[in-house]
There are 2 protein chains.
Amino acid sequence: MRQAATLQRSLYDSLRKAVLDGGLPPSTRLPASRDLAQALNLSRNTVKAAFEQLVAEGYLRATTGSGTYVCDVLPEEVLWASADKSAGRPEQDWPTPEIKLSKRGSQVLERTWTLGSQWAPFVSGVPDVEEFPQKKFDRLEALWRGRQRAQWLTYGGNEASRALRIAIADYLRQARSVRCEPDQIVITDGVHQAVELTTRLLADVGDSAWVEDPGYWGIRKLLAINGLRVIGRPVDAEGMTLPASKRHAVPKIILVTPSHQYPLGAVMSLRRRGELLDYAIRNKIWIVEDDYDSEFRFSGHPIPCLQGLVPNSPVIYIGTFSKTLYPGLRVAYMVLPRAACRAFSNAHSELHRMGRQATHATLAAFLAEGHFSAHIRKMRLIYAQRRHKLRQLILDEFGEHAMHPFDSNAGLHLVMRLPDGVDDVAIADHAKREGIVVQPLSRYHLQPKNASGLLLGFGAVHPDRMEAPFKTLAKVIRAAS
Amino acid sequence: MRQAATLQRSLYDSLRKAVLDGGLPPSTRLPASRDLAQALNLSRNTVKAAFEQLVAEGYLRATTGSGTYVCDVLPEEVLWASADKSAGRPEQDWPTPEIKLSKRGSQVLERTWTLGSQWAPFVSGVPDVEEFPQKKFDRLEALWRGRQRAQWLTYGGNEASRALRIAIADYLRQARSVRCEPDQIVITDGVHQAVELTTRLLADVGDSAWVEDPGYWGIRKLLAINGLRVIGRPVDAEGMTLPASKRHAVPKIILVTPSHQYPLGAVMSLRRRGELLDYAIRNKIWIVEDDYDSEFRFSGHPIPCLQGLVPNSPVIYIGTFSKTLYPGLRVAYMVLPRAACRAFSNAHSELHRMGRQATHATLAAFLAEGHFSAHIRKMRLIYAQRRHKLRQLILDEFGEHAMHPFDSNAGLHLVMRLPDGVDDVAIADHAKREGIVVQPLSRYHLQPKNASGLLLGFGAVHPDRMEAPFKTLAKVIRAAS
């Protein structure tokens, strides 16, 4: 086998050389493979394979019946032409094509704040992955891999992901008062993918979407790159506000974070939830409920989700394991109205394909066996303590006024207010140079506002290691104010 | 802790009830939490938590200083309003919101051919996952999980994915003649994600893209949903053709499968490659090279890729492990020109986030330790045998004419020609009812054509189990012709 390949390669090389240096001039008719094989004492297949290769690469042309000929224009000649007069020049002298990004591409690259370190204090929006029960998870994964059937290696849509949908539905019904059956759930690789799927299936280019202002810029970028007009709705202590006057353009979709408004932390009041549902039902539009951080509420009992407030609500519910387990897991889920399930899961399969069945099966077992709820209960206590500690540090250093009034004792970050007009971006940049990552509040505002502040994540900072970086941050802030 | 929660819950319930049944009429001022705590012999925190909850849900309002009051409009009233006069009705009577899909959403759902079984003969484009060395892969994964550091659980961009980029770069340089360094590689969750990232960063809504006609409809859907005008370029025996006249609109991007044109199987001649590069360089546009199936060439040596043909080529190279390992792995890669690396990897992180580090580390080891190349060598022999067997079945049953002339002895499927005008969709539907999955060639054509044929995948069909289903398919075909 190998020997045949070598013979064929050397025949290919010598023929190609002969063609290039004119030993076999253009239009020359080559001997039939049979004769050449005999002459060279090679197998006919070896000769045919070498011919095929040279035909495929454009050195020879085979005309059925009448034999094989040397081409008139050789690939090399074409290539030198394509090289734009720089043929023969050393590699570094070849023209480097210029990259001109599209308008939407440039938009995506504006304000890329999360890029870079995930490991400094006070990175916000990340859980303490050190606390994740990796060994337990790995044991389950090994177990499931053992039982794995080859089918699981193909694209998704089989019993492994079904087991996960069942486990997620059970969890959401109990813990979040979501009204759902397993077949209403679509599993995605993250919240972004879920939001994007929803946007594309429900809205066309030029349609508009309401988002909270301030709000998560990541979602705004997704909406914009999908051609939607992004309209910011101001947030008050009860959550996203609705327009007072009837004279406004009705959007196609409304995206909200009712359980814990991001980033300010307000809980959407039941009254506002009612008004929002009412608005969506009357106008026949859809609400996308991002229930992020809902598991981490440290006083009172968790607020029931918007989706389950009334039957058949016009709500698409989205949740993720990125904050409850770990971000790198890349598993999120959406709960769809029955009427939309088929369209969404088919489109998901068409656009994103699926797979990762071993991960889905492991996660299903992790939920079904209660490890997930146990982990959340454990982390809720840990985060409550860290939140308390950070809050104390802020109060001691800057006083009550520094705490944002909408704060609702939940989540993985705190919003610290700065005097209006203070340049929070400059402070964040300065802090970064000191090895501290804080997010400037002004960056979350769609409408330029002089509201100034900082997001401080406490999820991944051990209480004993919180004070020193906070003192450093305080110095940076005082230097700027 | 738990007891406090119970007390708080019961206080919450009784207060809420009192508010709802008028025991506490609107605007009533509640006693201060301290006094109420004393009166009920509860801790003040318990009372405060219950108050907080009721405020959050809109039953009470707290006005700093002057105390806590019962709200004038209660959440329930708002909710009943929102329920659109159907309050009190049984659940099934609640209005079900109607789903109106967007135009682009409906496009995505047209011609959803791959949906459904991945396990019948002759599903095309899937490898034989039964042959995947699962145990070897799992051992490596266990090994790496053992060494895993918590950092790997966060979003990507660390040493695990770096190891994979290094391994992929080594492989591509050796096996595919790609010109690249590890930092030119971006790892994606699949080819679709890579194509979509490219489309969005290089083209805006309304820009046009050239695709091969016939070609892969999946890519056409991605381009369309991103607002591009999809222009089909006819394919001949040398691959995608270029327009003869100068009078045509120059596209923003050109998507091609030079190694093995999908679905017809032509290898793009070196001459055509030169012309294509020349066209792209002169017009300052980009070529997206989908190098799918390039590993499975059964005669001659693999054709070098387009990207590496000349230095600094205007080519974005895309490959995947879906066919060489297994589809459910969901790992693909793109090779970018140096000038574009930073923009693409930042945008990738902004839009898709990353993670799955354990998978990346395992895959890196699988490549670096030579298991990947070994698996490809093994599968190349297996597939060659299966291809030969299927080809023989077709020849014996329908003769030489049934084989597509562009066929180039590579890949995981064969294209069988049917007499012009024969309804290949009807045949595919009929075959599906017989438990046989074949793709109708006409579906791959952008311009309606009467070219008729079937794609038969042989990758996942054992030679000994090939004849029976083929005979059944032959009957179905004869019945239709």
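Look a little higher up for the structure.
Reading guide: rules and limits
Residues numbered from 1 in each chain as written. Chains lettered and ligands numbered in written order. Predicted model: local features only at pLDDT ≥ 70, side-chain atom pairs only at ≥ 80, totals over all residues. Heavy atoms only, no water. Helix = DSSP H or I, 4+ residues; strand = E, 2+ residues; numbered from the N terminus. Rg over C-alpha atoms; globule rule 2.2 N^0.38 Å. Buried < 20%, exposed > 50% of the residue type's maximum accessible area, 1.4 Å probe, protein only. Contact = heavy atoms within 4.5 Å. Areas by Shrake-Rupley, 256 points an atom, 1.4 Å probe, with all protein chains shown as cover. Lys, Arg positive; Asp, Glu negative; His and termini not counted. Charge placed at Lys NZ, Arg CZ, Asp CG, Glu CD. Pairing = 2+ DSSP bridges. Buried area = accessible area lost by both parts, 1.4 Å probe. Salt bridge = Lys/Arg side-chain N within 4 Å of Asp/Glu carboxyl O. Nonpolar A, V, L, I, M, F, W, Y, C, P; charged D, E, K, R; others polar. Axes fitted to C-alpha atoms, helices over the stretch in contact; angles between N-to-C directions. Parallel < 35°, antiparallel > 145°, perpendicular 65-115°, else oblique. Left-handed = near helix turned anticlockwise from the far one by under 90°. Least-squares fit on C-alpha atoms with pLDDT ≥ 70 in both.

A. The overall build of chain A, seen in detail. Broken down by element type, chain A carries 15 helices and 13 strands. Whereas a compact globule of 481 residues would reach a radius of gyration of roughly 23 Å, chain A reaches 31 Å, over 25% beyond that. Each of the three principal axes of chain A carries a C-alpha extent, and together these read 95 × 55 × 55 Å. Residues classed as buried in chain A amount to 60% of the 481 residues present. Across chain A, the fraction of contacts at a sequence separation of at least 24, relative to all contacts at a separation of at least 6, is 72%. Accessible surface, chain A: about 19300 Å² in total, of which carbon and sulfur atoms supply 52%. Measuring between centres, the 62 positive side-chain charges of chain A sit 4 Å from its 50 negative side-chain charges.

B. The sheet that holds strand β8 (residues 286-290) of chain A, seen in detail. All names here are of chain A. Taken in spatial order, the eight strands of this open sheet run β3-β10-β9-β8-β7-β4-β5-β6, and their pairing is mixed. If you trace the sheet from one side to the other, it starts and ends with β3 (185-188) and β6 (239-240), each paired once. Alignment of β3 against strand β10 (residues 332-335), held across four bridges, turns out to be antiparallel. Across the sheet, the residue bridging to T188 is A332, located in β10.

C. Here's a closer look at the interface of chain A and chain B. On the side of chain B, 113 residues touch chain A, which itself brings 113 residues to the contact. Surface buried jointly by chain A and chain B totals about 9900 Å² across both partners, of which 60% is contributed by carbon and sulfur atoms. Looking at the side of chain A facing chain B, the largest losses of area belong to R104(A), L153(A) and E350(A), adding up to 8% of the total buried there. Applying the counting criterion to the chain A and chain B interface returns six salt bridges. For E196(A), the salt bridge is made with R200(B), and the minimal N-O distance between the two is 2.2 Å. When grouped by side-chain class, the residues that make up the side of chain A that touches chain B number 55 nonpolar, 30 polar and 28 charged.

D. Region of the structure containing the packing of helix α6 (residues 134-147) of chain B against helix α12 (residues 357-368) of chain B. All names here are of chain B. Where α6 contacts α12, the axes come no closer than 9 Å and their chain directions differ by 125 degrees. The angle between α6 and α12 falls in the class oblique. Note on packing geometry: the crossing formed by α6 with α12 is right-handed. Contacts between α6 and α12 involve F137, L140, E141, W144 and R145 on the former and, on the latter, A358, A361, T362, L363, A365 and F366. Here the contact of α6 with α12 is composed, by residue class, of eight nonpolar, one polar and two charged.

E. Here's a closer look at helix α9 (residues 217-225) of chain B. Residues and elements named next belong to chain B. The buried count for α9 comes to eight of nine residues, which makes it a mostly enclosed element. Those residues of α9 that sit buried are W217, G218, I219, R220, K221, L222, L223 and I225. The first or second residue beyond α9 is G227, which carries a positive phi of 85 degrees.

F. Inspection of the relation of the copies chain A and chain B at higher detail. The operation relating chain A to chain B is a screw motion whose rotation component is 180 degrees, with 0.0 Å of axial translation and a residual RMSD of 0.1 Å. The two molecules are tied by a two-fold rotation axis, judged by turn and shift. In terms of proximity to the rotation axis, the leading residue of chain A is N226(A), whose C-alpha is 3.6 Å off the axis. Taken together, the interface assignments show that 100% of the residues at the interface of chain A recur at the interface of chain B, consistent with an identical surface on both copies.

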